[in-house]
Amino acid sequence: MKFPQIHTLEQIATIITCGFVGDKDFPVKGMNEIHVVTPGDIVFVDHPKYYDKALKSAATIILINKEVECPEGKALLISDDPFRDFNKLAKYFKPFLKAEKSISESALIGKGSHIQPTAFIGNHVSIGEHCIIGANVTINDHTLIGDHVIIQAGTVIGGDAFYYKKRPEGFDRLLSSGRVVIEDYVEVGCNCTIDRGVTGDTLIKKGTKIDNLVQIGHDTVIGEKCLIASQVGIAGCVIVEDEVTLWGQAGVRSDVTLGKAGVIMAQTGVSKSTQPGITYWGTPFKEVRTFLKEQASLKHLPDLIKNSQKK
């Protein structure tokens, strides 16, 4: 998330009431998670295991819970609870806006687009031309939708990320201030959920088709001309490259990449990145021919055991 204007390090420290290391006029342009940071961004880190990764990232301002040596060209915000203060900044720069109408006056709806009754269109949503938005669809604030997009009944676009920190008193939610961006000619089936990014974008690229009852997590990028069948679950921060097919009930863990033009067969559990153009099946998943050969071999196992006992 980029701020509406550049702030100084001192201004940011004042907002969250913390100390800082660096020039008080050091420029701060935004805040982001570590996988999408760019120079001028704040990134937060609250565990020594990840200090080095955060300090060496593209972020130039590190919100951290220990005063460490500051890398050249960067600045530190010293907080006793970076998670809490990252949320403070999210609230400050992207506060919750209550809905006044079922279709917000700030929403932009392009020529030839049709919104069915009972749909909800939130604040600062942009919908392109010749789109169809079905009944009971929810499109939350700041969502950006291209041209010729179809969203079927009951789907929710832009729900909050499933991202929590465990504390002694319970779970503390990391606030979501990102967006969902859906490009041209995308179709989304009934009762799907596409979560917005924590600070960046969840992106569905041009020409992708999504079946009913599909979950797509925060900050995930779905490439062009992908096919995603019913009941697929994709976790946050996944990259699905162009022309990938995921068949029914496949599950994909977070922080993996599915290679271009690959196929994930039904009920496959994807636990690591895949290679382009390969078909996978099973849990644990394998290249499909290898998986089928192993399954065929297992059929002979009872006979092998029986024969070995005769000897």
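Residues numbered from 1 in each chain as written. Predicted model: local features only at pLDDT ≥ 70, side-chain atom pairs only at ≥ 80, totals over all residues. Heavy atoms only, no water.

**Focus: the pairing of strand β16 (residues 164-167)**
Bridge count for β16 against strand β17 (residues 170-173) is four bridges, and the pairing is antiparallel. By the bridge assignment, Lys166 is partnered in β17 with Phe171. Between β16 and the antiparallel strand that follows it, β17, lie two residues. (Pairing = 2+ DSSP bridges. Helix = DSSP H or I, 4+ residues; strand = E, 2+ residues; numbered from the N terminus.)

**Considering the sheet that holds strand β27 (residues 239-240)**
Hydrogen bonding along the main chain pairs the strands of a sheet, whether they run parallel or antiparallel. The eight strands are arranged β7-β10-β13-β18-β21-β24-β27-β30 in an open sheet whose pairing can be described as parallel. Every other strand in the sheet has two partners, leaving β7 (108-109) and β30 (257-258) as the edge strands with one partner each. Pairing between strand β10 (residues 126-127) and strand β13 (residues 144-145): two bridges, direction parallel. Bridge pairing in β13 links Ile127 to Ile145.

**Focus on the sheet that holds strand β5 (residues 61-64)**
With mixed pairing, the six strands of this open sheet are ordered in space as β1-β3-β4-β5-β6-β2. Whereas interior strands pair on both sides, the edge strands pair on one side only; in this sheet they are β1 (2-8) and β2 (19-21). On average, adjacent strands in this sheet sit at an angle of 35 degrees to one another, irrespective of strand direction. In the sheet, β2 pairs with strand β6 (residues 75-78) via three bridges, with the strands oriented antiparallel. Bridging from a neighbouring strand, Gly19 pairs with Ile78 of β6. Of the strands in this sheet, β1, β3 (27-31), β4 (41-45) and β5 touch helix α3 (residues 82-93), which is tilted by about 145 degrees from β4. (Axes fitted to C-alpha atoms, helices over the stretch in contact; angles between N-to-C directions. Contact = heavy atoms within 4.5 Å.)

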